[in-house]
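Chain by chain, the residues:
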2 protein chains.
Amino acid sequence: MASGDSLRDHGDPGDAPSIPPPLTQPVNATRPSAAEEARTIAASTNTGTLATLTTAGDPWASFVTYGLLDGGPVLCVSNLAEHGRNLAGDPRASIAIVAAATDSDPLANSRITLAGVAEKPTGDRLVVARQAHLDAVPAAKYYVDYSDFTLWVLRVDRVRWVGGYGRMDSAIGTDYAAAEPDPIQAVAGGAIEHLNADHAEALAAMARTLGGYPDTTAATCTGVDRYGLDLKVITERGIAYPRVSYAQRLDSADELRSATVELTRRARSG
Amino acid sequence: MASGDSLRDHGDPGDAPSIPPPLTQPVNATRPSAAEEARTIAASTNTGTLATLTTAGDPWASFVTYGLLDGGPVLCVSNLAEHGRNLAGDPRASIAIVAAATDSDPLANSRITLAGVAEKPTGDRLVVARQAHLDAVPAAKYYVDYSDFTLWVLRVDRVRWVGGYGRMDSAIGTDYAAAEPDPIQAVAGGAIEHLNADHAEALAAMARTLGGYPDTTAATCTGVDRYGLDLKVITERGIAYPRVSYAQRLDSADELRSATVELTRRARSG
């Protein structure tokens, strides 16, 4: 009981409405792993906030740009800047990266922390690290080759992913490195908009027969990835957030349309 | 020579075009101080990235929401979350806050780091800290009073402001606390749009007679604050970024219109 109460204390959103449980077993609620979520968020932008250590050992947060080399953030920082001096003194570092907001409540959105040790690439690795940074941050061409700028690659040992309220998990560096960024990500925004504008009834059918909410009165799509769709459904019992997933993982954005058509067909025949 | 070369190595933007110097003395180029810039950026949003120390003393970057109490960020974090555990173990912390982007090059935009020690407010101070957080982060009403969440106020000892390439300065905590957020900030975006849409010739006149660039062929406004306007001007010698300031500091957004009319009058009679 103590453990259950403790969990409720943390997880229950105060006087926010509680979430009704599903009435039937969801058919397939496969989701990306924390490592995959983290790789996808890291690949979604080119800015983050670095945490380094000052000479006094104090934590120092500073805005940075980055590219990616096998998922490892590639920084290009001035040796004269505080974070550059910090890395030269102690290479331990982490970087927080925030996904583009999809909800007006900041804590409902996704973010990650990648933690490890910053390493100076040399030889061939320096060449590819430099290019990875330039690919992500074109303006770096103006300073990347200056003698007082250093390229650093963060060797990621530990990953923390927070997908919003109550959705969070950790991953180890090797799983992060092995994971792929979601190939659907680039088209997800447009797909969500299209599904909500033109296929509201198909989404409601998915929630009813595949998502565990047969009492759905209306549904909208809040997320699209290579494994399936996140839905927000309205029922007379309250608002819920089921997951409906494709029969198999998508390996290209080109497969998204046929996969959602197939989901709709299954939902309507279910 | 060595010192000059060293500065150029850092400051010269590579093969980017160099900035032509003014041909006449700018009339009044008063700007906000670093402390004022920092207070304004801190007041402009409710999210930032916190740097804390893990039990191993590693730097940990994590996304947070905040309110402000006399400029000090008020955090509300779960004791179960990594940053909550970190603060409980060692209260040294800093927070990086990024202003809304006005330039597609991320490093051309403004950001700050506020560094110090996180303190648990008690008594009356807890009451106002709680309200300051709720005012800035309405969704916190769902968890602010849970037993496993703690309010922390960052006592700001040291401030670093970076206003873009080559614009940066530090401030001490007492100057930061004493500074005011810019009262013009809330209307700055609309004012910039209006000036550029309808008053391009007035801006060019300001640059010519007040800003030090009599050879201006076109000017746009890139920033508005309580002290004046930032301009981007085109000359046959290249692009420059002069500053033109009002005769006196504005204390309310209501004063902005008359101040820019007066700047225009001075520019045209100059």
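Residues numbered from 1 in each chain as written. Chains lettered and ligands numbered in written order. Predicted model: local features only at pLDDT ≥ 70, side-chain atom pairs only at ≥ 80, totals over all residues. Heavy atoms only, no water.

**Digging into the interface of chain A and chain B**
Put simply, the rule reads: Contacts are residue-level and defined by heavy atoms, with any inter-residue pair within 4.5 Å sufficient. What makes a salt bridge here is a side-chain nitrogen of Lys or Arg within 4 Å of a carboxyl oxygen of Asp or Glu, nothing more. Here a polar contact is taken to be a pair of N or O atoms separated by no more than 3.5 Å, where protein atoms must pair a possible hydrogen donor with a possible acceptor and residues adjacent in sequence count only if both atoms sit in side chains. Where helices and strands are cited, they refer to DSSP runs of H or I of at least four residues and of E of at least two residues respectively, numbered from the N terminus. In this classification, the charged set is Asp, Glu, Lys and Arg, the nonpolar set is Ala, Val, Leu, Ile, Met, Phe, Trp, Tyr, Cys and Pro, and all remaining amino acids, among them Gly, are polar.
Taken together, the contact between chain A and chain B spans 49 residues of the former and 49 residues of the latter. Viewed at the interface, chain B and chain A are joined by four salt bridges. The residue glutamate 82 of chain A makes a salt bridge to arginine 158 of chain B at a minimum N-O spacing of 2.8 Å. Inspection of the chain A/chain B interface yields 13 residue pairs in polar contact (both at pLDDT 80 or more). When contributions to the side of chain A that touches chain B are tallied by element, the ones reaching two or more residues are helix H1 (2-11), strand E1 (47-53), strand E2 (59-65), strand E5 (92-98), strand E6 (111-119) and strand E7 (149-164) of chain A. A per-class count over the side of chain A that touches chain B returns 23 nonpolar, 14 polar and 12 charged.

**Section: the relation of the copies chain A and chain B**
The criterion, for reference: Residues below a pLDDT of 70 in either copy are left out; the C-alpha atoms of the rest, at least 70 in both, set the least-squares superposition of the copies.
Overlaying chain A with chain B gives an RMSD of 0.1 Å, the required rotation being 180° about an axis along which the chain moves by 0.0 Å. Such a turn and shift between the copies fits a two-fold axis. A symmetric contact is evident, with 100% of the interface residues of chain A recurring at the interface of chain B.

**Some words on the environment of valine 127 of chain A**
Heads up, the rule is: Each residue gets one of three labels from its accessible area relative to the maximum for its type: buried under 20%, exposed over 50%, partly exposed in between, using a 1.4 Å probe on protein chains only.
Structurally, valine 127 of chain A can be placed in helix H4 (residues 123-136). A relative accessible area of 56% means that valine 127 of chain A is categorised as exposed.

**Notes on the domain arrangement of chain A**
Heads up, the condition is: Annotation comment: domain bounds sourced from an automatic or database domain assignment.
Examined at the domain level, chain A breaks down into domain 1 (34-178) and domain 2 (183-269). Computed from C-alpha atoms alone, the centre-to-centre distance between domain 1 of chain A and domain 2 of chain A is 32 Å.

**Structural notes on helix H4 (residues 123-136) of chain B**
Residues and elements named next belong to chain B. Keep this limit in mind: To estimate the expected span of a helix, count its residues, drop one, and scale the result by 1.5 Å.
Taking 1.5 Å as the rise per residue, H4 with 14 residues should run 20 Å; its terminal C-alpha atoms sit 21 Å apart, in good agreement. All buried positions along H4 are accounted for by Ala129, Ala132, His133 and Leu134. Contact partners of the buried residues in H4: strand E2 (59-65), strand E3 (67-69), strand E4 (72-78) and strand E7 (149-164).

**Remarks on the UniProt feature "domain: CREG-like beta-barrel" (unreviewed entry) in chain A**
We count it as follows: UniProt positions are given in the numbering used here, feature names are shortened, and annotations may be inferred rather than shown by experiment.
Per the UniProt record, the feature "domain: CREG-like beta-barrel" (unreviewed entry) sits at residues 31-171 of chain A. Annotation note: span residues 31-171 of chain A, helix share 23%, strand share 43%, distance between end C-alpha atoms 15 Å.

**Considerations on the packing of aromatic side chains**
Condition: Aromatic pairs are defined between Phe, Tyr and Trp rings, using the six-membered ring for Trp, whenever the two ring centres lie within 6.5 Å; interplanar angles under 30 degrees are classed as stacked, those over 60 as edge-to-face, and all others as tilted. Look at NZ for Lys and CZ for Arg. If either is within 6 Å of the ring centre and within 35 degrees of the ring normal, a charge sits over the ring.
Under the definition given, this model contains four aromatic pairs over all chains. Taking 6.3 Å as the distance between ring centres and 50° as the angle between the ring planes, the aromatic pair formed by tyrosine 143 of chain A and tyrosine 165 of chain B counts as tilted. Placement of tyrosine 143 of chain A in the loop between H4 and E7 and of tyrosine 165 of chain B in the loop between E7 and strand E8 (167-172) is noted, with the two residues assigned to different chains. Through a chain of ring-to-ring contacts, the aromatic side chains of Tyr143 and Phe149 of chain A together with Tyr165 of chain B assemble into a single cluster. It is arginine 39 of chain A that lies over the ring of tyrosine 176 of chain A; its NZ or CZ is 5.6 Å from the centre.

**Focus: the side chain of arginine 39 of chain A**
Residue and element names in this part refer to chain A. To keep things clear, this is the line we draw: Charge counting treats Lys and Arg as positive and Asp and Glu as negative, with His and both chain ends excluded.
Note on placement: arginine 39 falls in helix H2 (residues 34-43). Although buried, arginine 39 forms no salt bridge, and the nearest oppositely charged side chain, aspartate 70, lies 5.9 Å from it. A distance of 3.3 Å separates the side chain of arginine 39 from the backbone oxygen of tyrosine 176, its partner in a polar contact. Within polar-contact distance, the side chain of arginine 39 engages the backbone oxygen of alanine 177 at 2.9 Å. Setting aside residues up to four positions removed in sequence, arginine 39 forms contacts with Asp70, Gly71, Tyr176, Ala177, Ala179, Glu180 and Pro181.

**Some thoughts on the UniProt feature "domain: DUF2470" (unreviewed entry) in chain A**
On the UniProt side, "domain: DUF2470" (unreviewed entry) is annotated at positions that read residues 190-263 of chain A here. Counted over residues 190-263 of chain A, helix gives 36% and strand 31%. Its end C-alpha atoms are 18 Å apart.

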